[in-house]
Amino acid sequence: MAPRILILGAPGAGKGTQSANIADHFALDHITTGDALRANKDMDISELDTEYDTPREYMDQGELVPDVVVNAIVDEALTQAEGFVLDGYPRNLEQAEELEGMTELDVVLSLAVSEEELINRLTGRRMDPETGDIYHVEYNPPEDDDVAERLVQREDDTEETVTERLRVYRENTKPVLEYYAEQGVLTEIDGEQAPDAVWDDVMALIESAS
Ligand code: AMP
């Protein structure tokens, strides 16, 4: 059976890169709440009685979008998936409990990266708006000058919002790691290694679990 994989880690830990690798290599659905929300930033959620009327306000400030919105996105995606890699969810204990009612998991892994390194990675991250490719001003600048000129920064990768996203991570999402660790199902992978070395560890873990 196709594996059901959960990948956890702070913003900037490399979840996006590694979960894209996993989805590709093991032919799984890639369910990512961050991308789903970015594609629907201006959706009207006012009838859900939330503080703001669209996801945008929460995201641009680095806050979590209300559970009721995110749970529905994940529930819908999971009913259509057999094997999957889930990335960006759960971000708090309430979401972790909700997920338990939606599916079982075969692999739960987290990418461990120090806070200093996370800040460097996020504030230096840039995207090519034409291809969606991700670069870093210092670690991975584009070779092509035309690409370099058109790079943009994600609206929530500014220093102020990054600080807030990491605070939200410490307060809300760290307990989710402890929740899975207490159940004895969490495997931590060193996310500070080069991306290829992280990928080797991720692949070995998934292969040993299936
Ligand atoms: P990401 O791309 O995963 O860093 O997500 C970007 C932003 O989307 C986050 O800072 C949150 O505002 C929102 N978001 C993504 N996933 C969730 C989630 N599971 N719960 C609440 N908000 C989320």
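In case you missed it, the structure is sitting above this.
Residues numbered from 1 in each chain as written. Predicted model: local features only at pLDDT ≥ 70, side-chain atom pairs only at ≥ 80, totals over all residues. Heavy atoms only, no water.

Draft legend 1. Expanded view of the overall build of the protein chain. When helices and strands are counted, the protein chain shows 9 helices and 7 strands. Its C-alpha atoms give the protein chain principal-axis dimensions of about 45 × 45 × 30 Å. Within the protein chain, the fraction of its 210 residues that count as buried is 44%. Expressed as a percentage of contacts within the protein chain between residues at least 6 apart in sequence, the contacts between residues at least 24 apart total 67%. Counting 15 positive and 51 negative side-chain charges, the protein chain places the averaged centre of each group 4 Å from the other. (Helix = DSSP H or I, 4+ residues; strand = E, 2+ residues; numbered from the N terminus. Buried < 20%, exposed > 50% of the residue type's maximum accessible area, 1.4 Å probe, protein only. Contact = heavy atoms within 4.5 Å. Lys, Arg positive; Asp, Glu negative; His and termini not counted. Charge placed at Lys NZ, Arg CZ, Asp CG, Glu CD.)

Draft legend 2. Examining empty space enclosed by the protein more closely. Following the criterion strictly, the structure yields 1 cavity of 30 Å³ or more and no others. In this structure, the largest cavity encloses a volume near 40 Å³. Every residue along the wall of the largest cavity is listed here: Ile7, Leu8, Gly9, Lys15, Gly88, Tyr89, Pro90, Arg91 and Thr173. Per element, the largest residue contribution to the lining of the largest cavity is 3 residues, and it comes from strand β1 (residues 4–9). When its residues are assigned to classes, the lining of the largest cavity shows 4 nonpolar, 3 polar and 2 charged. (1 Å grid on protein atoms, 1.4 Å probe; cavity = no way out; pocket = protein on both sides within 12 Å on 5 of 7 lines; lining within 4 Å. Points joined across faces, edges and corners; volume = space filled by probe spheres on them. Nonpolar A, V, L, I, M, F, W, Y, C, P; charged D, E, K, R; others polar.)

Draft legend 3. Here's a closer look at helix α8 (residues 159–182). With 24 residues, α8 extends 33 Å between its outermost C-alpha atoms, agreeing within 8% with the 34 Å of an ideal straight helix rising 1.5 Å per residue. The largest bend in α8 amounts to roughly 40 degrees and is located at Arg170. Among the residues of α8, those classed as buried are Thr161, Val162, Glu164, Arg165, Leu166, Val168, Tyr169, Thr173, Val176, Leu177, Tyr179 and Tyr180. Positioned one or two residues after α8, Gly184 has a phi angle of 75 degrees, which is positive. (Expected span 1.5 Å × (residues − 1). Bend = angle between axes of the 7 residues up to and from the residue.)

Draft legend 4. Local environment of the packing of aromatic side chains. Taken as a whole and judged by the stated rule, the model has 2 aromatic pairs. Look at Tyr52 and Tyr58: their rings are 4.9 Å apart centre to centre, the planes differ by 75 degrees, and that puts the pair in the edge-to-face class. Exposure remark for Tyr58: the relative accessible area of 6% places this residue in the buried category. Aromatic side chains Tyr179 and Tyr180 sit 5.2 Å apart centroid to centroid with 85 degrees between the ring planes, which places their arrangement in the edge-to-face category. Comparing Tyr179 with Tyr180, the two get one shared label, buried. (Phe/Tyr/Trp six-rings, centres within 6.5 Å; stacked < 30°, edge-to-face > 60°.)

Draft legend 5. Fine view of the site of the ligand. The full set close to the ligand counts 16 residues, and Thr33, Arg38, Glu63, Gly88 and Gln95 are the nearest of them. Within the contact set of the ligand, a nitrogen atom lies 3.0 Å away from a backbone nitrogen or oxygen of Val65. Arg154 is positioned with one of its side-chain polar atoms (N or O) 3.3 Å from an oxygen atom of the ligand. Contact with the protein chains hides 95% of the accessible area of the ligand, taken as 480 Å² for the molecule alone. The element that contributes the greatest number of residues to the shell around the ligand is helix α2 (residues 33–38), accounting for 4 residues. Of the residues belonging to the shell around the ligand, the class tally is 6 nonpolar, 4 polar and 6 charged. (Near = heavy atom within 4 Å. Polar contact = N/O pair within 3.5 Å; in protein donor to acceptor, adjacent residues only side chain to side chain. Areas by Shrake-Rupley, 256 points an atom, 1.4 Å probe, with all protein chains shown as cover.)

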